[in-house]
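Observations on the model geometry
Given next are the chains, with one letter for each unit.
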Amino acid sequence: MSGETEDTLTGVETTRRSAKAKVDAIGGRKLKPATLMMGHGYDPALSEGALKPPVFLTSTFVFPNAAAGKRHFEGVTGKRPGGAEGLVYSRFNGPNQEILEDRLGIWEGAEDALTFSSGMSAIATLFLSLVRPGDTIVHSGPLYAATETLIARVLGQFGVKWLDFPAGATRAEIDAVLQRAADGGRVALIYLESPANPTNALVDVEAVAASRDAIFADAADKPPIAIDNTFLGPLWSQPLRHGADVVVYSLTKYAGGHSDLVAGGVLGAKPLINTIRAMRNTIGTICDPNTAWMLLRSLETLELRMSRAGDNAAKVCAFLRDHPKVERVGYLGFLAEAEGRQADIYRRHCTGGGSTFSLYLKGGEAEAFRFLDALRIAKLAVSLGGTETLASHPAAMTHLSVADERKQALGITDNLVRISIGVEDADDLIADMEQALAAI
Ligand SMILES: *Cc1c(COP(=O)(O)O)cnc(C)c1O
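The rules behind the values
- Residues numbered from 1 in each chain as written.
- Predicted model: local features only at pLDDT ≥ 70, side-chain atom pairs only at ≥ 80, totals over all residues.
- Heavy atoms only, no water.
- UniProt positions renumbered as here; feature names shortened; annotations may be inferred.
- Near = heavy atom within 4 Å.
- Polar contact = N/O pair within 3.5 Å; in protein donor to acceptor, adjacent residues only side chain to side chain.
- Areas by Shrake-Rupley, 256 points an atom, 1.4 Å probe, with all protein chains shown as cover.
- Nonpolar A, V, L, I, M, F, W, Y, C, P; charged D, E, K, R; others polar.
- 1 Å grid on protein atoms, 1.4 Å probe; cavity = no way out; pocket = protein on both sides within 12 Å on 5 of 7 lines; lining within 4 Å.
- Points joined across faces, edges and corners; volume = space filled by probe spheres on them.
- Helix = DSSP H or I, 4+ residues; strand = E, 2+ residues; numbered from the N terminus.
- Domains from an automatic or database assignment.
- Contact = heavy atoms within 4.5 Å.
- Buried area = accessible area lost by both parts, 1.4 Å probe.
- Salt bridge = Lys/Arg side-chain N within 4 Å of Asp/Glu carboxyl O.
- Buried < 20%, exposed > 50% of the residue type's maximum accessible area, 1.4 Å probe, protein only.
- Core = buried A, V, L, I, M, F, W, Y, C linked by side-chain atoms within 4.5 Å.
- Patch = residues over 30% accessible without salt bridge, like charges linked within 9 Å, V, L, I, M, F, W, Y side chains within 5 Å.
- Lys, Arg positive; Asp, Glu negative; His and termini not counted.
- Charge placed at Lys NZ, Arg CZ, Asp CG, Glu CD.
- Pairing = 2+ DSSP bridges.
- Axes fitted to C-alpha atoms, helices over the stretch in contact; angles between N-to-C directions.

Labelled according to an unreviewed UniProt entry, the protein appears under the name Methionine gamma-lyase, originating from Sphingomonas adhaesiva. Per UniProt, the comment on the protein under Sequence similarities (unreviewed entry) is "Belongs to the trans-sulfuration enzymes family."

Structure follows, in structure tokens:
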């Protein structure tokens, strides 16, 4: 949060954060994210001793002097890289958002982070900042439906082209698509989503990075690799460590974690983040102070919540897998003990199977609907990553408008139920599943 310190040479502030708010090691010991979530980036002394940062409800900020105002605008407009050193106007930044961005980046060791009003506004701002008419976006498929719409239907209107490869593609398949894209003009961005929803197919990020580096070895500007890490991040997957340049989040899901807010995030190295920040400054897709405050609250329990939900999902899936009314359970945690390419990707990229999975029941829509209607703890709703367990029917809900052929290709069958496990008692959840399966 803001704290003014005078630069004796220029007479304007140069650091707004007190050093006390940025302690990240004790002795030689680097503090863990779970510890840093309680205080990093905030000095109570700058806010009347308030233990928690106040919500800064203000549209604009008072400059200490005219020279400081000029310097801040140099930062905001990109005349100087790195963003504004001081607070200017709430479309650009604010204390709550800045503290949140500092803490968000910690989990994945990101140099910098930005927060947004939604996952989709984060993705849209990323695209707008990197893609020009005539460019190609190469992406893994399938993507979150709104992201596919944004690329094909919205950016497509502005002359942007796209090519995709299936989420589970091999290095050779990725090479072929990237080469075809490179032959067709400027490739602006490689955009991934892993695991794909609802197939749960994992993308081999290491192979994509190696392929990009090989195919664009002599290119003046290599396309950055961005990845939507909403389903497994930041606890179970950290793609910046596997060759991704930018990580994108719907913070609405696990990071928010209480199904009570909508927000997005983007993490990565400073130069790229600065480019995206400039677009966010222009169009105003920043998250609001109240939502940022709620997310700070949420990040304090992120590791607790995700660990518990992950443990619960492992227990529930072990129960479901052996049930006679269940055809198959698409749960990433099973890959830890499995053979094959997906298991190999899992072991190289993931530290846990998450808590969102696909349940294929024996039967069709009627059986799936009876199961969903019989659930008593799990709520019938879309979304994921909250404290409460949710269940939905992709074919009739999130993917209703997807063409039948594509539904078949993606495994979105009428007997598929998507479940996001929460932090309730695991045995209670199993009892709920058991009685709902009995009701089919
Ligand atoms: C929910 C979601 C989004 C969109 O996020 P919003 O916060 O709803 O805008 C994008 N990607 C994935 C994987 C999601 O689950």
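After that view of the structure, there is still more to cover.
**Considerations on the site of the ligand**
As a structural note, the neighbourhood of the ligand is formed by 13 residues, with M120, D228, S250, T252 and K253 the closest of them. In the environment of the ligand, an oxygen atom lies 2.9 Å from a nitrogen or oxygen atom belonging to the backbone of G119. Taking M120, its main chain carries an N or O atom lying 2.8 Å from an oxygen atom of the ligand. When the ligand sits alone it has 380 Å² of accessible area, and the protein chains cover 92% of it. Grouping the amino acids of the shell around the ligand by side-chain chemistry returns five nonpolar, five polar and three charged.

**Section: the layout of surface pockets**
Empty space within the second largest pocket amounts to approximately 420 Å³. Lining the second largest pocket are 19 residues, with A145, E148, T149, V402 and R406 positioned closest to its centre. Secondary-structure elements contributing two or more residues to the lining of the second largest pocket are helix 5 (145–154), strand 7 (161–166) and helix 13 (404–410). Broken down by element, the lining of the second largest pocket gets its largest block of residues, six residues, from helix 5. The residue inventory of the lining of the second largest pocket, partitioned by class, reads ten nonpolar, five polar and four charged.

**A short note on the domain arrangement of the protein**
Annotation of the protein at the domain level lists domain 1 (6–99), domain 2 (110–288) and domain 3 (302–438). Averaged C-alpha coordinates put domain 1 and domain 2 at centres separated by 28 Å. Of the residues lining the interface, nine residues belong to domain 1; the matching set on domain 2 comes to ten residues. A buried area of about 720 Å², summed over both sides, lies between domain 1 and domain 2, and 47% of it is on carbon and sulfur atoms. Our count for the domain 1 to domain 2 interface comes out at four residue pairs in polar contact (both at pLDDT 80 or more).

**Topic: the pattern of salt bridges**
Evaluated as defined, the whole model comprises 18 salt bridges. Between R277 and D112 there is a salt bridge; the shortest N-O distance is 2.9 Å. Here the residue R277 occupies a position in helix 8 (residues 270–283), and D112 occupies one in strand 5 (residues 112–116), the gap between them amounting to 165 residues. Take R277 and D112: they sit in the same class, and that class is buried. When the shortest N-O distance is used, the salt bridge between R348 and E206 registers 2.7 Å.

**Section: the environment of L361**
Assignment of secondary structure puts L361 in strand 13 (residues 356–361). By relative accessible area, L361 is classed as buried at 0%. A sequence separation of 54 residues divides L361 from N415, and the C-alpha atoms of the two residues are 5.3 Å apart. Once you skip the residues sitting within four places of it in the chain, L361 turns out to touch K325, V326, E327, E367, A368, F371, N415, V417, L437 and I440.

**Structural notes on the nonpolar core**
The tendency in soluble globular proteins is for nonpolar side chains to be buried side by side. Counting 61 residues, the largest nonpolar core has V138, F165, L192, L202 and V208 as its most contacted members. Among the elements that take part in this core, helix 9 (residues 289–300) stands out by supplying five residues, more than any other. Setting aside residues up to four positions removed in sequence, L202 forms contacts with A167, G168, S194, P195, L232, L332, L335, Q342, I345, Y346 and C350. With 26 residues, the next largest nonpolar core counts Y331, I421, I430 and A436 among its residues.

**A short note on a negative patch on the surface**
A cluster of like negative charges, contributed by E365, D404, E405 and D414, occupies part of the molecular surface. Relative to the helices and strands, E405 is located in helix 13. Given the relative accessible area of 72%, E405 is considered exposed.

**Quick word on the sheet that holds strand 7**
Strands sit in the order 5-11-10-9-8-6-7 across an open sheet of seven strands; the sheet is mixed. Only two strands of the sheet have a single partner each, and these edge strands are strand 5 and strand 7. Neighbour-to-neighbour, the strand axes of this sheet turn through a mean angle of 20 degrees, independent of strand direction. As defined by bridge partners, strand 6 (residues 136–141) adjoins strand 7 across six bridges and the pair is classed as parallel. Each residue of the ladder has a partner; that of S140, found in strand 7, is F165. Here helix 4 (residues 119–130) sits on the sheet and contacts strand 5, strand 8 (187–193), strand 9 (225–228), strand 10 (246–250) and strand 11 (264–268); the angle it forms with strand 8, its principal contact strand, is near 160 degrees. Of the strands in this sheet, strand 6, strand 7 and strand 8 are in contact with helix 6 (residues 171–183), which crosses strand 7 at around 170 degrees.

**Focus on empty space enclosed by the protein**
The gaps left among the atoms become clear once a water-sized probe is rolled over them. Scanning the model with the defined rule gives three cavities of 30 Å³ or more in all. By volume, the largest cavity amounts to about 70 Å³. The wall of the largest cavity is formed by 13 residues, among which S194, V203, V205, S237 and H349 lie closest to the centre. Here the residues of the lining of the largest cavity are counted per class, giving eight nonpolar, five polar and no charged. Here the lining of the largest cavity gathers at least three residues from each of two domains, domain 2 (110–288) and domain 3 (302–438). Looking at the second largest cavity, its volume works out to about 60 Å³. L104, W107, E108, T230, G233, P234, Y249, S250, L251, Y254, A255 and L267 together form the lining of the second largest cavity. Looking at the lining of the second largest cavity, its residues break down into eight nonpolar, three polar and one charged.

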